[in-house]
Number of protein chains: 2
Amino acid sequence: MEKKLVYMFSEGDATMRNVLGGKGSNLAEMTKLGLPVPQGFVVSTDACNDYYADSETMSANLMDQVKANMLQLEGITKKSFENEENALLVSVRSGARASMPGMMDTILNLGLNDKVAAVMAIDNARLAYDSYRRLIQMYGDVVKNVDRDHFEKDIDTLKVKFNKDTEHDFTPDELLELVNLHKDTYLRLVKEPFPQDPFVQLTSAIESVFKSWNNTRAKYYRRMNNIPDEWGTAVTVQEMVFGNRNDNCATGVAFSRNPATGEDELYGEFLYNAQGEDVVAGTHTPLPISELAKSMPAQYKQFLDVSKQLEKHYHDMQDMEFTIDDHKLYILQTRAGKRTAQAAVKIANDLVKEGVIDKQEALDSLDVRIIDGLLHPQFDTDVVAKLEPIATGLPASPGAATGLIAFTAQKAVEYFDQGKPVILVRLETSPEDIEGMHISEGILTARGGMTSHAAVVARGMGKSCIVGSSDLIIRDNVMIVNNVEYHEGDQISIDGGTGFVYAGRIETQSATISEDFNNLLEWADEKAELKVYTNADSSEEIQVALEFGAQGVGLVRTEHMFFEADRIRAVREMILSTTPLQREIALRKILPTQREDFEKIFRTMKDKSVTVRYLDPPLHEFMPTTTQDIEELAEIMNMSSAEIRDVIRSLHEFNPMMGHRGCRLAISYPEIALMQTRALIEAAINVSNELDGITIKPEIMIPLVGDVKEFTYLASRIRKLADELIAEANISLEYMVGTMIELPRACLLATDIAKEVDFISFGTNDLTQMTYGFSRDDAAIFLKNYYDIGIYENDPFQTLDTVGVGSLIKMAVEKARAVKPNIKIGVCGEHGGDPQSINFFKQLHMDYVSCSPYRVPIARIALATTTK
Amino acid sequence: MEKKLVYMFSEGDATMRNVLGGKGSNLAEMTKLGLPVPQGFVVSTDACNDYYADSETMSANLMDQVKANMLQLEGITKKSFENEENALLVSVRSGARASMPGMMDTILNLGLNDKVAAVMAIDNARLAYDSYRRLIQMYGDVVKNVDRDHFEKDIDTLKVKFNKDTEHDFTPDELLELVNLHKDTYLRLVKEPFPQDPFVQLTSAIESVFKSWNNTRAKYYRRMNNIPDEWGTAVTVQEMVFGNRNDNCATGVAFSRNPATGEDELYGEFLYNAQGEDVVAGTHTPLPISELAKSMPAQYKQFLDVSKQLEKHYHDMQDMEFTIDDHKLYILQTRAGKRTAQAAVKIANDLVKEGVIDKQEALDSLDVRIIDGLLHPQFDTDVVAKLEPIATGLPASPGAATGLIAFTAQKAVEYFDQGKPVILVRLETSPEDIEGMHISEGILTARGGMTSHAAVVARGMGKSCIVGSSDLIIRDNVMIVNNVEYHEGDQISIDGGTGFVYAGRIETQSATISEDFNNLLEWADEKAELKVYTNADSSEEIQVALEFGAQGVGLVRTEHMFFEADRIRAVREMILSTTPLQREIALRKILPTQREDFEKIFRTMKDKSVTVRYLDPPLHEFMPTTTQDIEELAEIMNMSSAEIRDVIRSLHEFNPMMGHRGCRLAISYPEIALMQTRALIEAAINVSNELDGITIKPEIMIPLVGDVKEFTYLASRIRKLADELIAEANISLEYMVGTMIELPRACLLATDIAKEVDFISFGTNDLTQMTYGFSRDDAAIFLKNYYDIGIYENDPFQTLDTVGVGSLIKMAVEKARAVKPNIKIGVCGEHGGDPQSINFFKQLHMDYVSCSPYRVPIARIALATTTK
């Protein structure tokens, strides 16, 4: 038997979403519920996939089944698709497994031709010609790629000729003239007449919907929303009902609750005597749905009931399309309604209160990517909707920001000191820019990927950030975009959630955590099996994370403790040292401030887990780069500039990411690790003494271990010193020494490593880099192309590559647990804050995920969400 | 029962090498054979390892067993170790599992003290005091680290006082005075008197041997010879016999065959009336062993017989120590003799001919690292032995070379054109230096590791090369070593096999492949299950490899086909192109020469396998770096220098190794891969037509694939074009499209990849880099320290890391074979020429290993060698 590719609505239900698409399966479900749904059939997603697998051809099997189903539909409707008498007209619409609103194409009134129109016109000439002219326009646009402007021009011509404001005022004769004009336009541009055979129309329309699956905006939408290319789209073919038959008709869209606020009220718009496209096209101003209550109270009441029924049935707020055809209500579509973060939270709460859903369903109903908006300032959506971005980049850290352009960290600080808000605009950022980043409202870079320095640091700070905006040319303190120059001090605005850059100032609205949201977070915590820690480098960041519900700190990066202005000199002194003694003297200068930093962190975290990663970046990052800075350093160090340059040169690395960093640095200079140990343990001792009865439990994390011997070499020295300090202090203090697993080799040899370490934290950023063999900073340039041609569907630095990198992590977790069943295992890479990746970590039964402070609520929700 | 740590000779045999060490197990074996061996016992390697495991303490159990065994030895020898009457004196010598000649310490005459000496002196005062003064000196040196110079000064003082040329002319009384002087010196420097208790002497001596396992030269030797740190050393305690008792005594060392030429003759040296150390010390000129035939014919005959018996017994040429004590011959040690490559080859052949060993044993007897010397020019060992190197570096590519220093490739070419031999001295080399490298005798760099650009290219060319010589400071066309300046045009000599750099000119002797060597290679091919291919980029290199027995080309790197002077301009034009069309026009200029290159290769290889890797390096490598070159290019391209610099800047990568290279480049610019396909397939067609009846079978290798979609994207386009070209040519031509697996992710996802590819070749260099997360160019700086402190024992870029990288390879091979059992699998990384790594590839039953031309014979031998 041939593979089944087409289904009548009556053959399906909501469980068949993968085959019938969202629209098709919901129409089938509503049919089952006995709701007033115009009947039809669905060409399945399998058919779409076969179409692509078979070099884009419509198979004979598919066409046979379409014909057979059309025959059935003729039976149900008692109309005919091929004869002009009592003609069956249909709509052809796309419907993927996941909702992709507006991304693909729709054609209405299919089946109309000269003869059918003429017969229809006998009864209702306006309906016949209005529908026909719409078909020619939509078909020309969707199937033949004729720019809609050509058809708009026809309309304009006749508007002038007939002296009418809009085509809706046209008489039937005038509409017929428009039909003829459209047909001429079609012939002129397509080089063939508008097809009169309804089956030719249908076949082409179905194929066009298939093709629209791979149009640029659909591909882009899929990538943004992690929708696999392989899903394909279904095509719904449905009997037309007419909102444009007469004045007893209407058509509209409505949400079962207010999608902006979440209020429990039918919310939507409609037009009298119109077709659905008019409502969304913006050419006519639709009326609020409440108007309908007055003009057609019975139909309004019926619709309201359907709306509540569907909400209860689907356990979610619905977005519905309806048409009233000569007093009779039809439901043309229902789906879960898109909503703002605020609305999502309120609706989830309300539905639980109303007993419609349980807490788990409430959590599952949240789109965590949207929830993120609750945690950051936002532009007013209405204001932004009217603006054209001047450039786009990667949305590296969400939130809206507005301020003056500063091209250097110094300039940013200067503006800040004058009380002016700043957007720091850089080719790329480096650790030297930290202070400038800290005081800026937002950060915009021309280079780098989602896990570049700017991106990682900005997320940590919860600061709006756009990176890798290749639209920007930055040189000599000018930013050039599309040949327009922007200078230091000019106003710009950026939205780190969308990656859009705007010229000028846009007001922002600050973030709020509502009681409703808090409820949800608490429900989430009840369900979650993993803890949520935070990656945070300072007590200020940790404070934010605690407020967001972090249960520990999974990653304190200590490099910032070396970069700050008051320490960098001692760090450079250390680097320029030629003996361990010199090095130790320099390090001793850093010790007190570093100890204070740790004390502040412990005071904030108290008895909660704090994992401190020892110095990680290669030393050259700490050396000055400008001539002036080099000369200053030479003066201070009593060396020549040439000597300083020699040292800088000697520190040069071809591939710093794969260079002398992480534990390799500590193995070369154990003094550094020992200074950090002293600072950390002394801080723990001091704060333990200070906060009576509270047990500080520091966790020391050694980065970039690739061989257990690297770990044991350092850990034995660290433990020896720590034990001595604890003994001297005559205090009982427990600490752990563990490692960050971020190299493929560490995963492969996790058995050996697990035997020696007290805990393991996966550094998934570097692990992803090494497993793929590409650097997050350099990959942006070719990854964009990879998405376009479909090699990758999403950024592996954002969403964990479960089959590759994930299989290494799984291997490591299994090996580690085999030798040490209770070993503490977590994730502190960027993926620790990504819902899809968190899902994977959940399956591995890790102990915690650690993410930047502003991702903590997202992670809490994600951990409690049912695996989909 | 306590763990057994000490064994009498009579308790062991040759199979117990791991426990007793080489020396101990051979002494036990000779005891078993009934040969005249002074008896004794062996402190096992376990004891040494326990010593280190137990923070360097001599356990009570060990001391108990030493005492018990000493008691037994007293019984066997009927002498006493603690009483002065009939005193038992012993030697204490190191003996590791693998021979490490001269690396560890030895003490003779142990047990002597004032009383014992006095009693011995009654009988033979010269023997007593000569032995005693030697003990004090050796004990002081080995156990107490007293510099031998102090004792030499004592001797010099008395030589002057007694007016004697050497201490061997001292009378017994004078020797006694020397004993007393040595005792004073000992007391002065050690701050305690020379120990009189024989057991104190013994315990300290054993401990010193243990300690000597970890002295710097032993550690260095182990690393050079891939001897694991965990093996530990055994300690042999053996009854002293005396070659210095009287004139009827002699002591010496001899090889059962000539170790330099392999001739079948007893070859060695001896001294009358002396102890073993005198023979090796160089203070006395020993006599050739043939002298002994005249003076002591019976003992000589007996020794010759023992020598033949041991050869037959051990199936190998022996290196023996003997002593004749008052007419009686004793064998003190036997072991396989070190030999030159020439000798090794001749001996292996002769022993097969004599029926002593079979072909497999002959192959197993070869030390492939030494055999390498046969394939490259060498310095005269006698000349070099007398020279002090001015610097050392990593021995990147073997062979001796001598010539004028050139600091740039241009200068090298200039000298070459004047007929002067050149050593190219660079901070590091880059692809731009290729021509200069090609015409140089040898290459010396200050930076880089064993698989840096210079190293890889030099090995490919079979050219002497030393890299990463951190002793060198190179700036402003001066090389400074230890404050001595060397200028362009100065003579230097380098030995790429040892890593030694010499000032001045040293004559080289050219390489020869003897008939004997050819025999062995042919025997090897009979045994080998894997084929040996070569990595070679030009028909010239391939010719060399064919002469060395390569059966195919496993890797043609095509980047050189873009770098050559006549093409680089077109390549730059391509890079500066802004449209695919411009790019194609530029590529079309490269096509004809690239096609010619491939034609030459096919003409050379005929129907043998040729695997061509498509362009791999990032594009910035092809751009000019000097201002002058940039200006020239700007002029040619009709662009401004600033624009060229903008392009160069835009190509900059933070980590080029992990950047836009390999297949990523071809995916961005499919035109490049298609041009290469056209050049390759057209060349194959042309040469097929030219060489009637010969089937050319090109293999296209796509590098750096991390996801099967990368491969399929390119392969489908490549196959389409190739098929078109073949169809047009109306010829039957088969080709393969495969991939280089060099990323961890490709190993993890090998199932998917194997389904699509025609073959797999492991690029182990990059795979090692990514798995360890360090770059071969940057790692040298910390790897040195890693060896010193014992984190790694050898360079993972030289010898495959079987537990880490190897486990990924194994996984990939298994996954690939599971879905495509007959898929062709090989290795084309540097490890393909490393015997230890080859061993691993053998176990995975790969189809071939591919290595640089000059490693082909080594690989052939290694493949046939029994796994040890």
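Just so we're clear, the structure is a prediction, and the values are computed from it rather than from any experiment. (Residues numbered from 1 in each chain as written. Chains lettered and ligands numbered in written order. Predicted model: local features only at pLDDT ≥ 70, side-chain atom pairs only at ≥ 80, totals over all residues. Heavy atoms only, no water.)

### Some remarks on the nonpolar core
Now for step 1: Core analysis: the largest hydrophobic core is formed by 287 residues, its most contacted members being F762, I809 and M846 of chain A together with F762, I809 and M846 of chain B.
Now for step 2: For I809 of chain B, the residues in contact, after removing those within four places along its chain, are F762, T764, L767, L800, F841, L844 and M846 of chain B. (Core = buried A, V, L, I, M, F, W, Y, C linked by side-chain atoms within 4.5 Å. Buried < 20%, exposed > 50% of the residue type's maximum accessible area, 1.4 Å probe, protein only. Contact = heavy atoms within 4.5 Å.)

### Some thoughts on the confidence of the model for chain A
Now for step 1: The pLDDT averaged across chain A works out to 92; a share of 99% of its residues lies at or above 70.
Now for step 2: The ipTM for the predicted assembly is 0.80, set against a pTM of 0.81. (pLDDT = per-residue confidence, 0-100.)

### Focus on the relation of the copies chain A and chain B
Now for step 1: Between the two copies, chain A and chain B, the superposition gives an RMSD of 0.1 Å; the rotation angle is 180 degrees and the shift along the axis is 0.1 Å. Here the two chains are linked by the operation of a two-fold rotation axis. Identified as the residue of chain A closest to the rotation axis by C-alpha distance is N655 of chain A, at 2.2 Å.
Now for step 2: The overlap is high: 100% of the interface residues of chain A also sit at the interface in chain B, so the same surface is used on both sides. (Least-squares fit on C-alpha atoms with pLDDT ≥ 70 in both.)

### Some thoughts on the interface of chain A and chain B
Now for step 1: Of the residues lining the interface, 54 residues belong to chain A; the matching set on chain B comes to 54 residues.
Now for step 2: Summed over the three residues of chain A that lose the most area to chain B, namely F654, M658 and R745 of chain A, the buried surface amounts to 16% of that side.
Now for step 3: Viewed at the interface, chain B and chain A are joined by four salt bridges.
Now for step 4: A salt bridge links R745 of chain B to D801 of chain A, with the nearest nitrogen and oxygen atoms 2.6 Å apart.
Now for step 5: Joining chain A to chain B, the criterion identifies 24 residue pairs in polar contact (both at pLDDT 80 or more).
Now for step 6: Contributions of two or more residues to the side of chain A that touches chain B are made by helix 25 (641-651), helix 26 (663-668), helix 28 (708-729), helix 29 (744-748), helix 31 (764-772), helix 32 (776-788) and helix 33 (805-819) of chain A.
Now for step 7: It is helix 32 of chain A that provides the largest number of residues to the side of chain A that touches chain B, a total of six residues.
Now for step 8: Partitioning the side of chain A that touches chain B into residue classes produces 23 nonpolar, 15 polar and 16 charged. (Buried area = accessible area lost by both parts, 1.4 Å probe. Salt bridge = Lys/Arg side-chain N within 4 Å of Asp/Glu carboxyl O. Polar contact = N/O pair within 3.5 Å; in protein donor to acceptor, adjacent residues only side chain to side chain. Helix = DSSP H or I, 4+ residues; strand = E, 2+ residues; numbered from the N terminus. Nonpolar A, V, L, I, M, F, W, Y, C, P; charged D, E, K, R; others polar.)

### Here we look at the pattern of salt bridges
Now for step 1: Per the counting criterion, the structure on display carries 116 salt bridges over all chains.
Now for step 2: The shortest N-O distance in the salt bridge between R222 of chain A and D229 of chain A comes to 3.0 Å.
Now for step 3: What makes R222 of chain A buried here is its relative accessible area of 1%.
Now for step 4: By relative accessible area, which is 27% here, D229 of chain A ends up partly exposed.
Now for step 5: Linking R148 of chain B and D141 of chain B is a salt bridge whose minimum nitrogen-to-oxygen distance equals 3.1 Å.
Now for step 6: For R148 of chain B, a relative accessible area of 31% puts it in the partly exposed group.

### A closer look at helix 12 (residues 341-353) of chain A
Along an α-helix, residues three or four apart share an orientation, since each turn contains 3.6 residues.
Residues and elements named next belong to chain A.
Now for step 1: Helix length check: helix 12 (13 residues) gives 19 Å between terminal C-alpha atoms against 18 Å at 1.5 Å per residue, within 8%.
Now for step 2: Burial analysis of helix 12 places 11 of its 13 residues in the buried class, which makes it a mostly covered element.
Now for step 3: Of all the positions in helix 12, only A341, A343, A344, V345, K346, I347, A348, N349, D350, L351 and V352 are classed as buried.
Now for step 4: On its buried side, helix 12 packs onto helix 11 (297-314), helix 13 (359-364), helix 14 (368-371) and helix 19 (515-527).
Now for step 5: One or two residues past the end of helix 12 sits G355, with phi positive at roughly 80 degrees. (Expected span 1.5 Å × (residues − 1).)

### Topic: the sheet that holds strand 26 (residues 609-613) of chain B
All names here are of chain B.
Now for step 1: Pairing is parallel in the closed barrel, where eight strands are placed in the order 24-25-26-27-28-29-30-31. Strand-to-strand twist across the sheet, computed as the mean angle between neighbouring axes with direction ignored, equals 25 degrees.
Now for step 2: Lying over the sheet, helix 23 (residues 580-605) contacts strand 25 (552-557), strand 26 and strand 27 (698-702), oriented at roughly 155 degrees with respect to strand 26.
Now for step 3: Relative to the sheet, helix 28 (residues 708-729) contacts strand 27 and strand 28 (736-741), its axis offset from that of strand 28 by approximately 155 degrees. (Pairing = 2+ DSSP bridges. Axes fitted to C-alpha atoms, helices over the stretch in contact; angles between N-to-C directions.)

### Some remarks on the packing of helix 24 (residues 627-637) of chain B against helix 25 (residues 641-651) of chain B
All names here are of chain B.
Now for step 1: At a minimum axis separation of 8 Å, helix 24 and helix 25 run at an interaxial angle of 110 degrees. Taken together, the axes of helix 24 and helix 25 are roughly perpendicular relative to one another. Considering how the two elements wind past one another, helix 24 and helix 25 form a crossing that is right-handed. Every residue of helix 25 that contacts helix 24 at T627, I630, E631, L633 and A634 is listed here: S641, I644, R645 and I648.
Now for step 2: By residue class, the composition of the contact of helix 24 with helix 25 is five nonpolar, two polar and two charged. (Parallel < 35°, antiparallel > 145°, perpendicular 65-115°, else oblique. Left-handed = near helix turned anticlockwise from the far one by under 90°.)

### Topic: the pairing of strand 26 of chain B
Residues and elements named next belong to chain B.
Now for step 1: Where burial is concerned, most of strand 26 is hidden: five out of the five residues are buried.
Now for step 2: Burial of strand 26 is two-sided: the residues S609, T611 and R613 facing one way and the residues V610 and V612 facing the other way are all buried.
Now for step 3: Where strand 25 lies against strand 26, four bridges are found, and the strand directions are parallel. Across the sheet, the residue bridging to R557 is R613, located in strand 26.
Now for step 4: In the sheet, strand 26 pairs with strand 27 via four bridges, with the strands oriented parallel. Paired with T611 across the two strands is E699, which belongs to strand 27.

### What to know about the side chain of S212 of chain B
Residues and elements named next belong to chain B.
Now for step 1: Relative to the elements of secondary structure, S212 occurs in helix 7 (residues 198-212).
Now for step 2: For S212, a relative accessible area of 3% puts it in the buried group.
Now for step 3: Of note is the side chain of S212, whose polar atom sits 2.7 Å from the backbone oxygen of V209.

### Observations concerning unusual backbone geometry
In most cases, non-glycine residues show a negative phi, while peptide bonds are predominantly trans.
Now for step 1: We note that D476 of chain A has phi near 45 degrees; this positive angle belongs to a residue other than glycine.
Now for step 2: Assignment of secondary structure puts D476 of chain A in the loop between strand 18 (472-475) and strand 19 (478-481).
Now for step 3: Assessed through its relative accessible area of 70%, D476 of chain A is described here as exposed.
Now for step 4: One non-glycine residue, K78 of chain B, lies in the positive phi region at around 55 degrees.
Now for step 5: Within the secondary structure layout, K78 of chain B lies in the loop between helix 3 (60-77) and strand 3 (90-96).

### Considerations on helix 16 (residues 409-417) of chain B
Residue and element names in this part refer to chain B.
Now for step 1: Buried within helix 16 are the following residues: A409, A412 and Y415. Around the axis of helix 16, the buried residues are gathered within 120 degrees of arc, so they sit on the same side. Exposed residues on helix 16 whose side chains face more than 90 degrees from its buried face are Q410 and D417.
Now for step 2: Its buried side turned inward, helix 16 meets strand 14 (400-406), strand 15 (422-426) and helix 17 (434-439).
Now for step 3: Backbone geometry just downstream of helix 16 places G419 in the positive-phi region, at approximately 80 degrees. (Arc of directions from axis to C-beta.)

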